[in-house]
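# Examining the three-dimensional arrangement
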Amino acid sequence: MTSPVRLALLGCGTVGSEVVRLLHEQSADLAARIGAPLEIAGIAVRRVGRDRGDLPVDPALFTTDPLGLIKRDDVDVVVEVVGGIEPARGWLVEALRAGKSVVTANKALLAEDGAALHDAAAEGGADLYYEASVAGAIPLLRPLRDSLHGDRINRVTGIVNGTTNFILSAMDATGAGFAEALEEATELGYAEADPTADVEGFDAAAKAAILASLAFHTRVTAADVHREGITEVTAADVASARAMGCTIKLLCIAARGADAAGRETVSVRVHPAMIPLTHPLASVGDAFNAVFVEAEAAGQLMFYGRGAGGAPTASAVLGDVVAVARNRLAGARAASESAYADLAVRPMGEALTRYHISLDVADRPGVLEAVAGVFARHEVSIATVRQGPAGGGPAGRGSDAELVIVTHVAPDAALAATVRELRGLDIVGSVTSVLRVEGGQ
Ligand code: NDP
Ligand code: HSE
């Protein structure tokens, strides 16, 4: 057998420790698949003395000097599972420029400055693989990057954050409020000690940027993604969705479009939305992820599985390690980034969406006409109106009926302006819920 392929592992936390475990347990199979054994040259961590349980690894391999480890002549592949922008960007650029293959799960860095990594990979003639950065164990990026390269993808719709999907599924199943469901997610170990990146949509926005870049052969960064989290979703919103035969999911939606001059564009957004219970993504519960891809020739494709957790994510990391190790032995390199399309990113205001709006209003003649007039002024067409008993407007304002209005598709800016004007009407006690509706007219 050929001489070993030597790995520098940066990070040995939730994901890194499972990478170590899998490398140990599968070593014979991995060697047979690659044609050479994999060996850990060193493991960079923050605290060498940290208790790492029964991790099957020589403690002498640990170091607090990632850069020194990367620069060693006996390191062929750098596996980064630390996370964050800096110092990870500096480490990976250094490794790639030196011709070392990189496998990373770092979605934040790829979405913030993927270009720096791709440029460094091209400069050093090295591989850059990042399957684990989006949707954990689900083989998704390589199908987009390789298998679907003969097709034209028009739209990608996904549930790409496990923590928020767990929270919304719990709210839907039990009627719990957001805070209660978040507490349960924390107790079960899904949510981080600081769950901001998950519940405010930053994690999903980073993944959306990576997906859009690959699907549409262009460069999209996290800053290009319209982002809203789930902290404002209430138990009343969830009940209202149920009443309409829908459920609420935090969706990432990346779609092709065109500007006024007919030039092709892309829009990328992350926000909670109602989807019909019949939609394939509606049945994705717990902390699972799923991504729905619509392509010209292939039609509709669905990718489903565990999007988070040490072992599932390590599976994707190891798959990439095998690929880059094989490439090295063959003296080859995977195709570089494909960003030739160079599409402009369309502002959220131009995205075509539908709204579900609940209002507490005065129950007297002329109210419906006044409300409908606001929609008409903004050229938003109403699809359905339902009136029921008031949901509890402010006391003393005579709010004694609830209107639930669902619109047809309209530019998001027109829908937002409609809601703003409704809030200012005397006859409207309060706008109790505003949610976008996706999937099916
Ligand atoms: P953890 O916080 O569990 O682990 C981080 C590791 O990095 C720890 O071993 C830590 O050392 C080490 N580390 C932190 N800072 C430094 C530093 N300056 N120098 C050297 N080592 C450092 O993170 P996760 O394993 O959860 O996540 C790792 C990456 O994988 C992130 O990019 C994350 O977004 C991504 N990811 C995570 C998933 C998950 O489910 N957890 C799923 C998909 C992707 P020490 O052990 O000493 O503290
Ligand atoms: N915090 C992320 C999630 C981890 O909940 O999906 C996987 O990227």
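Residues numbered from 1 in each chain as written. Chains lettered and ligands numbered in written order. Predicted model: local features only at pLDDT ≥ 70, side-chain atom pairs only at ≥ 80, totals over all residues. Heavy atoms only, no water.

To be explicit about the condition: UniProt positions are given in the numbering used here, feature names are shortened, and annotations may be inferred rather than shown by experiment.
An unreviewed UniProt entry lists the protein chain under the name Homoserine dehydrogenase, with Micromonospora palomenae as the source organism. UniProt's Function (unreviewed entry) comment on the protein chain is quoted here verbatim: "Catalyzes the conversion of L-aspartate-beta-semialdehyde (L-Asa) to L-homoserine (L-Hse), the third step in the biosynthesis of threonine and methionine from aspartate." Of the protein chain, the UniProt comment under Cofactor (unreviewed entry) reads exactly: "a metal cation".

### Quick word on the site of ligand 2
In plain terms, the rule: When at least one non-hydrogen atom of a residue lies within 4 Å of a molecule or strand, that residue is treated as near it. Nitrogen and oxygen atoms within 3.5 Å of one another constitute a polar contact, given that in protein one can donate a hydrogen and the other can accept it, and given that sequence-neighbouring residues count only through two side-chain atoms. Here the accessible surface of atoms and residues is derived via Shrake-Rupley with a 1.4 Å probe, and residues count as covered only by protein chains that are part of the display. A run of DSSP states H or I qualifies as a helix once it reaches four residues; a run of E qualifies as a strand once it reaches two. Both are numbered from the N-terminal end. By the convention adopted, Pro, Cys, Tyr, Trp, Phe, Met, Ile, Leu, Val and Ala count as nonpolar, Lys, Arg, Asp and Glu as charged, and the other residues, Gly among them, as polar.
The environment of ligand 2 is made up of K107, N161, G162, T163, D198, D203, K207, G307 and A308. One of the side-chain nitrogen or oxygen atoms of D198 is found 2.8 Å away from a nitrogen atom of ligand 2. With respect to ligand 2, the side chain of K207 contributes an N or O atom lying 2.7 Å from an oxygen atom. Expressed as a share of its isolated accessible area of 260 Å², the protein-covered part of ligand 2 is 85%. Of all the secondary structure elements, the ones that give two or more residues to the shell around ligand 2 are helix 7 (162–174) and helix 10 (202–216). Partitioned by chemical class, the residues of the shell around ligand 2 number one nonpolar, four polar and four charged.

### Some thoughts on the packing of aromatic side chains
Aromatic ring pairs are described here by two measures, namely the spacing of the ring centres and the angle between the planes. Heads up, the condition is: Working definition: rings of Phe, Tyr and Trp (its six-membered ring) pair if their centres are within 6.5 Å, and the pair is stacked with planes under 30 degrees apart, edge-to-face with planes over 60 apart, and tilted otherwise. Here, a charge over a ring is recorded when the distance from Lys NZ or Arg CZ to the ring centre is within 6 Å and its angle to the ring normal is within 35 degrees.
Scanning the model with the defined rule gives one aromatic pair in all. The positively charged end of R145 is found above the aromatic ring belonging to Y129, 4.7 Å away from the centroid. Sitting above the plane of the F202 ring, R227 keeps its charged end 3.8 Å from the centroid.

### Looking at helix 13 (residues 367–377)
Note the threshold: Only protein chains enter the area calculation, which uses a 1.4 Å probe; residues under 20% of their type maximum are buried, those over 50% are exposed, and those in between are partly exposed. The reported arc concerns the directions from the helix axis to the C-beta atoms and nothing else.
Residues V367, V371, V374 and F375 constitute the buried set of helix 13. Looking straight down helix 13, one finds its buried side chains confined to an arc of 100°; they lie on one side. The exposed residues of helix 13 that point more than 90 degrees off its buried face are E369, A376 and R377.

### Description of the pattern of salt bridges
Inclusion rule: By salt bridge we mean one thing: a side-chain nitrogen of Lys or Arg within 4 Å of a carboxyl oxygen of Asp or Glu.
Within this structure, the stated rule accounts for 25 salt bridges. The partner of R152 in a salt bridge is E264, and the shortest N-O contact between them spans 2.6 Å. Of the two residues, R152 sits in the loop between helix 6 (141–145) and strand 7 (153–159) while E264 sits in strand 10 (residues 264–276), which places them 112 residues apart along the sequence. Overall, the relative accessible area of 32% leaves E264 in the partly exposed class. Between E421 and R377 there is a salt bridge, with the nearest N and O atoms lying 2.6 Å from each other.

### So, the pairing of strand 2 (residues 38–44)
Defined as follows: Strands pair, by our definition, only if DSSP identifies at least two bridges between them.
Counting buried residues in strand 2 gives six out of seven residues, a clear majority hidden from the surface. When strand 1 (residues 5–10) meets strand 2, the two strands line up parallel, connected through six bridges. Opposite L9, over in strand 2, you have I43 as the bridge partner.

### A look at the nonpolar core
The test is simple: As used here, the term nonpolar core means buried Ala, Val, Leu, Ile, Met, Phe, Trp, Tyr and Cys residues forming a set that is joined through side-chain atoms within 4.5 Å. In what follows, a contact means two residues having at least one pair of non-hydrogen atoms within 4.5 Å.
Grouped together as the largest cluster of nonpolar side chains are 80 residues, with contacts concentrated most on V78, L140, I153, I167 and L211. Considering each element in turn, this core owes the most residues, 11 residues, to helix 10. Those residues within four positions of I167 in sequence are excluded, and the remaining contacts are F178, A181, L182, A185, V199 and I230. With 36 residues, the next largest nonpolar core counts V5, I43, L55 and A316 among its residues.

### A closer look at the packing of helix 7 against helix 8 (residues 178–187)
Which entries qualify depends on this criterion: Between N-to-C directions, angles span 0 to 180 degrees; the directions come from axes that are lines fitted to C-alpha atoms, helices contributing only their stretch in contact. Note that the term roughly parallel is reserved for angles under 35 degrees, roughly antiparallel for angles over 145, roughly perpendicular for angles of 65 to 115, and oblique for everything else. In this scheme the handedness of a crossing depends on how the near helix is turned from the far one: anticlockwise by less than a right angle means left-handed, clockwise means right-handed.
Two numbers describe how helix 7 lies on helix 8: the axes approach to 9 Å, and their chain directions differ by 125°. The angle between helix 7 and helix 8 falls in the class oblique. Crossing geometry of helix 7 relative to helix 8 is assigned as right-handed. For the pair helix 7 and helix 8, the contacting residues are F166, I167, A170 and M171 in the first and F178, A181, L182, E184 and A185 in the second. Residues that form the contact of helix 7 with helix 8 fall into these classes: eight nonpolar, no polar and one charged.

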